[in-house]
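Structural overview for review
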Amino acid sequence: MRVLLLEDHRAMREMIADHLKERGFAVDAVARGEAAIAAAGVARFDAVILDLGLPDIDGMQVLASLRSSRAELPAIILTARDSIDDRLRGLNSGADDYIIKPFNLLELEARLRAVLRRAGSPRGNTHSLGGVTFDSVTREAAAFGKSLELTRREAALLEELMRVPGQVITKDRLEDRLYALEDSGSANALEAAVSRLRRKLTAARASLQIETKWGIGYRLVEGGQV
Ligand code: CA
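The rules behind each value
- Residues numbered from 1 in each chain as written.
- Predicted model: local features only at pLDDT ≥ 70, side-chain atom pairs only at ≥ 80, totals over all residues.
- Heavy atoms only, no water.
- Pairing = 2+ DSSP bridges.
- Helix = DSSP H or I, 4+ residues; strand = E, 2+ residues; numbered from the N terminus.
- Buried < 20%, exposed > 50% of the residue type's maximum accessible area, 1.4 Å probe, protein only.
- Right-handed = clockwise from strand over helix to strand, strands pointing away.
- Contact = heavy atoms within 4.5 Å.
- Axes fitted to C-alpha atoms, helices over the stretch in contact; angles between N-to-C directions.
- Parallel < 35°, antiparallel > 145°, perpendicular 65-115°, else oblique.
- Nonpolar A, V, L, I, M, F, W, Y, C, P; charged D, E, K, R; others polar.

Let's shift gears to the pairing of strand 11 (residues 208-213). Relative to strand 12 (residues 217-222), strand 11 runs antiparallel, the two being bridged by six bridges. Within the sheet, the bridge partner assigned to Leu208 lies in strand 12 and is Glu222. Counted between consecutive antiparallel strands, the loop separating strand 11 from strand 12 contains three residues, among which Gly215 sits at a positive phi close to 80°.

Below, the discussion takes up the pairing of strand 2 (residues 26-30). With respect to burial, strand 2 is a largely interior element, four of its five residues being buried. Pairing analysis gives five bridges linking strand 1 (residues 2-6) to strand 2, with the strands arranged parallel. Paired with Arg2 across the strands is Ala26, a residue of strand 2. Handedness of the strand 1-helix 1 (residues 10-22)-strand 2 crossover: right-handed.

Along the chain, Glu109 turns up in helix 5 (residues 105-118). Judged by its relative accessible area of 3%, Glu109 is buried. With near-sequence residues (within four places) excluded, Glu109 lies in contact with His19, Leu20, Arg23, Phe25 and Val137.

Their axes nearest at 10 Å, the elements helix 6 (residues 152-163) and helix 8 (residues 189-203) cross at an angle of 85°. Judged on the interaxial angle alone, helix 8 and helix 6 are roughly perpendicular. Note on element contacts: helix 8 touches helix 6 through Leu190, Ala193, Val194, Arg196, Leu197 and Lys200, opposite Glu154, Leu157 and Leu158. Looking at side-chain class alone, the contact of helix 6 with helix 8 contains six nonpolar, no polar and three charged residues.

Okay, here's the thing in C-alpha cells:
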C-alpha cells in the first residue's frame, strides 16, 4: 500500500514515515502542499495523511485539490488544531479521519488501516492461500504454520499478490504500490524481489506460484507443490 504523507515538521514527518515503512507501507513524505499535489499527479496513492498548518498552502486546500482529481482518495488529517470548528471543517471537507497531535504511532497506523478497509482495499488483515498465511498488521508470513523469513519488500510484494489471488497485477501497478519515488533506483528491483520471493516459497514447499505474464505483470495462483 502506498501512502502520501504531508507534514512540514521534519522530525514528525520522519518519525511517521519510518514507522509506516517499517510496517510495510511505501511512503512518499513531503513537507509542502505544492509537493503533495505534484506527487499525486505522478503516482497513485492508496491514502493521504496530511497536516493542516503548512508553509505554503493550507492543508484543507491541498485536500480539496487532491480530491478534485480523485474524489474517493482516503484521507486522514493530522493536526494540532483541536477546536471543534477545525474538526468539523476537516470532516466536512471529506477527510475520513482526524487525528490530534500528539498521537500514538500505533494508533495512527490502526486508523490508517481502518480507512483503507473502509475504502474497500484489503478485505481484512489476514490473507491465506496455498498453505501460506500473511498478517498485514504483524507483517508475519508463514507456510504451513512455519514462519517465512521475508524482507520488508518481499513481505509487501506477497501482500499485494495475496490481496488479489488469481488476478494479474501489472508491473507498473506493483511498482507504484511497492516503491516510493525516492526508492525508484534499479529498473530490475521488482523482478529481483519476485525471484527471491519465489525461491523462498519453493523452499518452504508452499503450494503457491507467482506466474509471470510476459510483458504484463504477475499473478499468484494456488498449486504447484504439496
Ligand atoms: Ca505544520
